[in-house]
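# Analysis of the macromolecular model
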Amino acid sequence: MLLSMTSVNKFYNGNQILKNVNLTVNEGDRIGLIGINGCGKTTLLRLITGKEEPDRFTEEDGIISIASKTSIGYLEQMGALDNENTVIEEMKSVFSELISISERMKELEKLMAESSDNYEAFSEEYSRISAYYESNDGYIIKVKIKTILNGMGFSEDMFDRVISSFSGGEKTRLAIAKLLLENPNILILDEPTNHLDFRTVMWLEDYLKDYRGALLIVSHDRYFLDKTVTSICEIENTVLTRYKGNYTAFTRLKEEAVTRQQKEYDLQQKEIAKMEDYVARNLVRASTSKSAKSRIKALDKMERIEKPNTYHKAAKLEFTFAQDPPQEVLKVKDIDVSVGFGDDRRTLVDSLSFEVRRGEKLAVIGDNGIGKSTLLKVIQEKLPHKGKVIWAANVRISYFDQEAANINRSNTVFEEIHSRYPLLSDLEVRNLLGKVRLVGENVFKQAGVVSGGERCKLCFAIMMMEHGNVLILDEPTNHLDLQTKEVLEDALERFEGTIIYVSHDRYLLNRISTRILEITAEGTESFNGGFDDYMKIKTQREQAAAEAADAAKQEELRVQYAEKKKKAFKTKEQRNLDANNRQRIRDIEKQMNELQDEQDRLEAELTDEKVISDYSLMNEKCTRINEIKELSNQLFDEWAELSESL
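All figures in this text were calculated on a predicted structure; none of them were measured in a lab.

Here we come to the overall build of the protein. Secondary structure summary: the protein contains 20 helices and 18 strands in total. Over its C-alpha atoms the protein spans a radius of gyration of 32 Å, topping by over 25% the 26 Å that the globule rule assigns to 646 residues. Along the first, second and third principal axes, the C-alpha atoms of the protein reach 115 × 80 × 45 Å. Partitioning the intrachain contacts of the protein with sequence separation of at least 6 by distance along the chain shows that 67% fall at a separation of at least 24. Where the 91 positive side-chain charges of the protein centre and where its 110 negative ones centre are 5 Å apart.

So, on to the packing of aromatic side chains. Evaluation of the coordinates by the stated rule reveals 16 aromatic pairs. Judged by centre distance (6.0 Å) and plane angle (90°), the rings of Phe-11 and Phe-57 are edge-to-face. Here Phe-11, found in strand 1 (residues 3-12), pairs with Phe-57, found in the loop between helix 1 (41-48) and strand 4 (63-66); they are 46 residues apart in sequence, far enough to count as distant. The exposure class of Phe-11 is partly exposed, given its relative accessible area of 29%. Phe-57 sits in the exposed class, given a relative accessible area of 56%. Summarising the aromatic geometry, the rings of Phe-400 and Phe-460 are spaced 5.0 Å apart at their centres and angled 15° between planes, so their arrangement reads as stacked. Separated by 60 residues along the polypeptide, Phe-400 in strand 14 (residues 397-400) and Phe-460 in helix 14 (residues 452-466) bring together distant segments of the chain. When sorted by exposure, Phe-400 lands in the same class as Phe-460, which is buried. Through a chain of ring-to-ring contacts, the aromatic side chains of Phe-198, Tyr-223, Phe-527, Phe-531 and Tyr-534 assemble into a single cluster. In this structure, Arg-161 packs its charged tip against the face of Phe-166, placed 4.0 Å from the ring centre.

The subject of this paragraph is the sheet that holds strand 18 (residues 523-528). Strand order in the open sheet formed by 6 strands is 14-15-16-12-17-18, with mixed pairing between adjacent strands. Since the sheet does not close on itself, it has two edges, and those belong to strand 14 and strand 18, each with one partner. On average, each strand axis in the sheet is tilted by 15° relative to the strand beside it, whichever way the strands run. Note that strand 12 (residues 361-366) and strand 16 (residues 498-502) share 4 bridges and pair parallel.

For the rest of this paragraph, the subject is the environment of Asn-431. Inspection of the secondary structure assignment puts Asn-431 in helix 13 (residues 426-435). For the pair formed by Asn-431 and Ala-405, sequence separation is 26 residues and the distance between their alpha carbons is 24 Å.

Right, let's get into the sheet that holds strand 2 (residues 15-25). Ordered in space as 2-1-4, the 3 strands form an open sheet in which the pairing is antiparallel. One side of each edge strand has no neighbouring strand; the edge strands of this open sheet are strand 2 and strand 4. Going from strand to strand, the sheet's axes swing by 25° on average, the running direction of each strand aside. As paired strands, strand 1 and strand 4 are joined by 4 bridges and run antiparallel to one another.

Closest axis-to-axis distance for the helix 3 (residues 96-114)/helix 4 (residues 119-135) pair is 10 Å, and the angle between their directions is 150°. Relative to helix 4, the element helix 3 lies roughly antiparallel. For the pair helix 3 and helix 4, the sense of crossing is left-handed. On the side of helix 3, the interface is formed by Glu-97, Leu-98, Ile-101, Ser-102, Arg-104, Met-105, Leu-108, Glu-109, Leu-111 and Met-112, while helix 4 contributes Tyr-119, Phe-122, Ser-123, Glu-125, Tyr-126, Ile-129, Ser-130, Tyr-132 and Tyr-133.

This brings us to helix 14. Along an α-helix, residues three or four apart share an orientation, since each turn contains 3.6 residues. Between its first and last C-alpha, helix 14 extends 21 Å over 15 residues, near the 21 Å set by a 1.5 Å rise per residue. Looking one or two places after helix 14, you find His-467, whose phi comes out positive at around 55°.

Within the element layout of this structure, Val-356 appears in strand 11 (residues 346-357). Judged by relative accessible area, Val-356 falls into the buried class, the value being 0%. When the C-alpha positions of Val-356 and Ile-272 are compared, they lie 59 Å apart, and in sequence the two are 84 residues distant. Beyond its immediate sequence surroundings of up to four residues, Val-356 is in contact with Gln-327, Glu-328, Val-329, Leu-330, Leu-362, Thr-498, Ile-500 and Arg-515.

Attention shifts here to the state of the cysteines. Tallying each qualifying case throughout the model produces 0 disulfides. A disulfide-free cysteine, Cys-459 has its sulfur positioned 6.3 Å from the sulfur of Cys-456, the nearest such atom. Cys-459 gets classed as buried once you look at its relative accessible area, which sits at 6%.

A complete count under the given rule lists 33 salt bridges for this structure. Measuring nitrogen to oxygen at the nearest pair gives 2.8 Å for the salt bridge that ties Arg-584 to Glu-638. With a gap of 54 residues between them, Arg-584 in helix 18 (residues 572-605) and Glu-638 in helix 20 (residues 615-645) connect regions that are remote in the sequence. For Arg-584, a relative accessible area of 29% puts it in the partly exposed group. Salt bridges sharing common partners tie together Arg-222, Glu-489, Asp-490, Glu-493, Asp-505 and Arg-511.

If you trace the backbone, Glu-416 turns up in helix 12 (residues 413-420). Residue classification places Glu-416 among the buried residues on the basis of a relative accessible area of 3%. Not counting residues up to four positions away in its chain, the partners in contact with Glu-416 are Asn-406, Ile-407, Asn-408, Asn-411, Leu-458 and Ile-462.

It is worth spelling out unusual backbone geometry at this point. In this model, Asn-183 sits at a positive phi of 55°, which is unusual for a non-glycine residue. Locating Asn-183 in the fold gives a position in the loop between helix 6 (168-182) and strand 6 (186-190). Residue classification places Asn-183 among the partly exposed residues on the basis of a relative accessible area of 43%. At Asn-394, a position not held by glycine, the phi torsion is positive, near 65°. Mapped onto the fold, Asn-394 is located in the loop between strand 13 (388-391) and strand 14. With a relative accessible area of 42%, Asn-394 lands in the partly exposed category.

So, on to the packing of helix 9 (residues 247-282) against helix 10 (residues 289-301). At a closest axis distance of 9 Å, the pairing of helix 9 and helix 10 adopts a crossing angle of 145°. Once helix 9 is placed against helix 10, the crossing between them reads as left-handed. Residues Ile-272, Met-275, Glu-276, Tyr-278, Val-279 and Asn-282 of helix 9 pack against Ser-289, Ser-291, Ala-292, Arg-295, Ile-296, Ala-298 and Leu-299 of helix 10. Residue classes in the contact of helix 9 with helix 10 are distributed as 8 nonpolar, 3 polar and 2 charged.

The next point concerns the pairing of strand 9 (residues 239-244). Bridging between strand 8 (residues 231-236) and strand 9 involves 6 bridges; their strand directions are antiparallel. Bridge pairing links Ile-232 to Tyr-243 in strand 9.

Reading guide: rules and limits
Residues numbered from 1 in each chain as written. Predicted model: local features only at pLDDT ≥ 70, side-chain atom pairs only at ≥ 80, totals over all residues. Heavy atoms only, no water. Helix = DSSP H or I, 4+ residues; strand = E, 2+ residues; numbered from the N terminus. Rg over C-alpha atoms; globule rule 2.2 N^0.38 Å. Contact = heavy atoms within 4.5 Å. Lys, Arg positive; Asp, Glu negative; His and termini not counted. Charge placed at Lys NZ, Arg CZ, Asp CG, Glu CD. Phe/Tyr/Trp six-rings, centres within 6.5 Å; stacked < 30°, edge-to-face > 60°. Buried < 20%, exposed > 50% of the residue type's maximum accessible area, 1.4 Å probe, protein only. Lys NZ or Arg CZ within 6 Å of the ring centre and 35° of its normal. Pairing = 2+ DSSP bridges. Axes fitted to C-alpha atoms, helices over the stretch in contact; angles between N-to-C directions. Parallel < 35°, antiparallel > 145°, perpendicular 65-115°, else oblique. Left-handed = near helix turned anticlockwise from the far one by under 90°. Expected span 1.5 Å × (residues − 1). Disulfide = S-S within 2.5 Å. Salt bridge = Lys/Arg side-chain N within 4 Å of Asp/Glu carboxyl O. Nonpolar A, V, L, I, M, F, W, Y, C, P; charged D, E, K, R; others polar.

Below, the structure is given as structure tokens:
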């Protein structure tokens, strides 16, 4: 057990935020923390990290226990990066103790070589600190830093850049990289995928699969949660409930739990109504008064089942249209995707061509800055371009702009709808906004003042009134909470028209896409199916390319070997040397086989419960495995050099 929370409560301004929260975090736990905005997720994290104290009513409640030597890594806890440092300096600061030990070891090596008087004392200190250095992976610090920085999207030519020169998103990625290098027992990641592209997110997913400590992840990225967590903690109405499995499993279990609770609630309400009716009819009668009073006591003692929250009512979205377009909805031929004007105009993608058929749900993906959002504007003729964009007859487009540029932000939410549809009555406008859960005071706030999520809901309300048979969507889930994302996905899945959309939401890409169009600097490529189908093809190609490259390298080595063997003229001394080399090769091969056997045995032992529960023993075996790998690499290099000489 790394951390335990027992009956934790928290109030703000008299309002209860968390109620009787119980949570245990063990080694190896992978927990996803979800809930609507303002439900108390951040408060829970602040309690865990000691930034807040729970409100206690007795000595037994509000207890947060953290095991000794447990380190908690939380992005906010690290504070800001040192903007004056270079990237490599900031990453090395994590290992300042080990780097100091390394410098002391070099100093001791020099002292031992120069002096014999204190050799024994120097040797003893060297032995002690070198053992600590080795057990804490001091010899692979550079490898760790390079692996994580490369994985987080920082190439080696960026290592010497000063941090102040990076953008806000890049600094966030650097902060995550530094946190991963710190390797805490409990790693807390708050929306870690916000500034990451597909490639970096997938690297992070793979990295976290092998993370030795516990994970607590707050994220709206459902695909990421599916890949990284094994349990979901949901905070709803101040109460934390834990479900086994990833996010997809949670949605099923949550629905089953709500259905079960609704049935239990309905049955209890019937029983309560029956008992209350009996009391009302029999309390005043002398013959039945005693029986009625016993039912009153039973009602008082009854533990009432709360009515479940049917969070599916968060919003009601339905996109409809009256007329189908022809089968060939859109034809794009040799267009350029460009930004800027005049001399500053820059082409992102040249000669781009594709077609869209009726009923298709086409997702457009590509690296940041490749021109995906610009493409959506080009095909609507909102930007100048070369080439042809041909829409079929009877096409009615409804467009969702992630910047909501088509909204008059000085209008109130109510005025924005009324100005577009003046024939609607006030009640009809309120009913429309109510469907997307824009209610109460928010209706009379300016569109530029409401939150990003509420502005998205306003756009969806307008789209429902437009009745487009082609929906063009630019990052539609960016500002939405999990509930509204699911409602939107349900609506898009039911929509029988054509959808062309840009998104980084892999869950959305996987659920509704019938085809994915990837844009690169070289052009476009189409993939049938959703995101998983796309990734399967990409992975197969990468594996095939790697195998082909390896085969080509092997063939090149074989040809080189054959040529050298054919041309070589060997003297007696050379033949003797070759014989010695062959014997050395046999010795190396034997030693490498022995090392491999030892490594296999140690890796098998890492799954033993006794080893898992003993941190020192686990660390010792992991250290030995690293030593074996290092030695095997050295032997292989020697083997390769000797083989080449022969």
